[in-house]
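Chain by chain, the residues run as shown.
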Amino acid sequence: MKTAPHYHLLLVLATLLLCCCTTCKPKQTTMEQDNTIDMQGSPVMIDDTTVNGLVIYYPQYSRIDLVCGKMPDKHDTTVIYCAEAAFTHELLDEFAHSNIDGDHVSGGKRYMGAKCKDNSGAFAWFGDTTWEFVHGEYGELLDSVAEAGGMGFGQAIIIHGGESIRPLWRDGVNQYRALCEKDGRLCIVDSRKAVEYEDFVEMLEQFAPTHALYMDMGAGWNHSWWRDGKGKAHEIHPVADKSRYCTNWITFYK
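Residues numbered from 1 in each chain as written. Predicted model: local features only at pLDDT ≥ 70, side-chain atom pairs only at ≥ 80, totals over all residues. Heavy atoms only, no water.

S.K.: Any chance you could break down the pairing of strand S7 (residues 121-125) for me, citing the residues and the numbers?
M.R.: Here S7 lies mainly inside the structure; 5 of its 5 residues are buried. Note: S7 against strand S8 (residues 131-135), 5 bridges, orientation antiparallel. Bridge pairing in S8 places tryptophan 125 opposite tryptophan 131. Hairpin connection from S7 to S8: 5 residues lie between these consecutive antiparallel strands, with glycine 127 at a positive phi of about 80 degrees. Looking at chain direction, S7 and strand S9 (residues 151-155) are connected through 5 bridges and run antiparallel. Directly across from glycine 121, in S9, lies its bridge partner glutamine 155. (Buried < 20%, exposed > 50% of the residue type's maximum accessible area, 1.4 Å probe, protein only. Helix = DSSP H or I, 4+ residues; strand = E, 2+ residues; numbered from the N terminus. Pairing = 2+ DSSP bridges.)

In structure tokens:
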């Protein structure tokens, strides 16, 4: 039986339409493509939509500590997020608390650190559900948090009480990071790509946290990771040669 010419034309048009719909299908995001990441029930919630250029990590934690000397092991499933916190003073092969910039509290014990002119504030967690960001002298804060069995460290304050701290204390292009309080929650905020420090501060201002404290970055010091809903650890920045000189990590536990 012969087929009418217009029937062949309809088949061709239908095929072309099907191909067009297939090629126009939205691309999957990296998170959707990587089926090894389970965000269902994840102890770390990730928001990369609030402000263009920033990625925000919200650990759902039960406690926080400043781990010193050796980075938490990825096989320790109680750890859900860790990243370098205070500056390291010198590149030493042996660890010493005195090589961490600024006095600090780890595991409820206070230690004397190196002098650091860039430390303009601090963060402390009191071992319960309370924390505090300060701008300025923080010696009394560390005394109090040590008595409470908590943790704390000094760093460069970026935003305090909703107000940006000026002048800008540094410059240069890098992927920057800050520990923040936003709407009564703690979070870690990363720039998605390398930017000028001033641009990072402007993005933070748009994000509008109540407080923001700088965290040590740069190749090696930016090595950090978080854990998904299946218990798998995911690196944010890979280990590098200088990672062996890192001295301290803010660590969130489930």
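S.K.: An account of unusual backbone geometry is needed here, citing residue identities and associated values.
M.R.: With an omega of 0 degrees, the peptide bond running from arginine 166 to proline 167 counts as cis. With respect to the helices, strands and loops of the structure, proline 167 is situated in the loop between strand S11 (163-164) and strand S12 (173-174). Its identity as a non-glycine residue notwithstanding, aspartate 183 has a phi of 55 degrees, on the positive side. Here aspartate 183 lies in the loop between strand S13 (177-182) and strand S14 (185-191). Phi is positive for alanine 208, which is not a glycine, with a value near 60 degrees.

S.K.: Provide a residue-level description of helix H4 (residues 197-207), including the pertinent values.
M.R.: All buried positions along H4 are accounted for by Tyr197, Phe200, Val201, Met203, Leu204 and Phe207. All buried residues of H4 lie within an arc of 160 degrees about the axis, which places them on one face of the element. Where H4 is buried, its residues meet strand S2 (54-59), strand S10 (157-160), S13, S14, strand S15 (195-196) and strand S16 (211-214). (Arc of directions from axis to C-beta. Contact = heavy atoms within 4.5 Å.)

S.K.: Could you give an account of the sheet that holds S9, with specific residues and numbers?
M.R.: On the basis of which strands lie adjacent, the open sheet formed by 5 strands has the order S6-S5-S9-S7-S8 and antiparallel pairing. On the outer flanks of this sheet lie strand S6 (109-111) and S8, each paired with one strand and no other. Strand after strand, the sheet turns through a mean of 25 degrees between neighbouring axes, direction not considered. (Axes fitted to C-alpha atoms, helices over the stretch in contact; angles between N-to-C directions.)

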